[in-house]
Amino acid sequence: MYGPLHIGNARQLIFADWVFRWLKQIGYDVNFVRNYTDVDDKIIDRASQEKTTSAEIAEKYIEYCETDIRALKLLPPTKTVKVTDTIPEIIAMIAKIIERSHA
């Protein structure tokens, strides 16, 4: 279920931040993108349970995550995207995978 960050989430975020900082420190121009999955079965189920929309559930938990990221003093990524912002690109990628008989 979705909720405030737990140690497993924080570990991944801290590690990504460490790699981002280290690559910048040694001179790389880093393009660090953080992705938020804002639509999936768990979000839809939670929205149904709470009698609200999937978008409202996703935004609530994204804000929990952002609050914890600030508390951990992690650097902001170069770009943040949500799955719903990239659905056409995802569909195109899946079509290529199918076209190449890899799915």
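Heads up: these notes are all about the structure in this document. Just so you know, these numbers come straight off a predicted model, no measurement behind them.

Compared with an ideal rise of 1.5 Å per residue, which puts 18 residues at 26 Å, helix α3 (residues 54-71) spans 26 Å between its outermost C-alpha atoms and is within 8% of the ideal. Listed in full, the buried residues belonging to α3 are I57, A58, Y61, I62, C65 and I69. The arc that holds the buried residues of α3, viewed along the axis, is 125°, so those residues lie on one side. Buried residues belonging to α3 abut α1 (7-25), β1 (33-36), α2 (41-50) and β2 (79-82).

Its 19 residues place the ends of α1 26 Å apart at the C-alpha level, agreeing with the 27 Å of an ideal helix rising 1.5 Å per residue. All buried positions along α1 are accounted for by A10, L13, A16, D17 and F20. Buried positions in α1, seen along its axis, are confined to an arc of 135° and lie on one side of it. Opposite its buried face, α1 presents the exposed residues I7, R11, F15, W18 and Q25, each directed more than 90 degrees away. Elements in contact with the buried residues of α1: β1 and α3. Phi turns positive, to about 105°, at G27, one or two residues after α1.

Below, the discussion takes up the nonpolar core. Formed by L13, Y36, I62, C65, I69 and L74, the largest nonpolar core amounts to six residues. Per-element tally for this core: the top contributor is α3, with three residues. With sequence-adjacent residues up to four places away left out, L13 is seen in contact with L5, R34, C65, I69 and L74. Core analysis: the second largest hydrophobic core is formed by five residues, I43, A47, I57 and A58 among them.

Along the chain, D17 falls in helix α1. Not counting the four nearest positions on each side in its chain, D17 is found in contact with L74 and L75.

Quick look at the pattern of salt bridges now. Overall, the coordinates contain five salt bridges when judged by the stated rule. The salt bridge involving D17 is made with R21; its shortest N-O contact spans 2.5 Å. With D17 and R21 both in helix α1 and four residues apart, the pair spans about one turn of that helix. Judged by relative accessible area, D17 falls into the buried class, the value being 6%. Residue class for R21 comes out partly exposed when judged on its relative accessible area of 35%. Residue E63 is joined to R70 by a salt bridge in which the shortest nitrogen-to-oxygen separation is 3.0 Å. Here E63 falls in the partly exposed class, since its relative accessible area comes to 39%.

So, how was this worked out
- Residues numbered from 1 in each chain as written.
- Predicted model: local features only at pLDDT ≥ 70, side-chain atom pairs only at ≥ 80, totals over all residues.
- Heavy atoms only, no water.
- Helix = DSSP H or I, 4+ residues; strand = E, 2+ residues; numbered from the N terminus.
- Expected span 1.5 Å × (residues − 1).
- Buried < 20%, exposed > 50% of the residue type's maximum accessible area, 1.4 Å probe, protein only.
- Arc of directions from axis to C-beta.
- Contact = heavy atoms within 4.5 Å.
- Core = buried A, V, L, I, M, F, W, Y, C linked by side-chain atoms within 4.5 Å.
- Salt bridge = Lys/Arg side-chain N within 4 Å of Asp/Glu carboxyl O.

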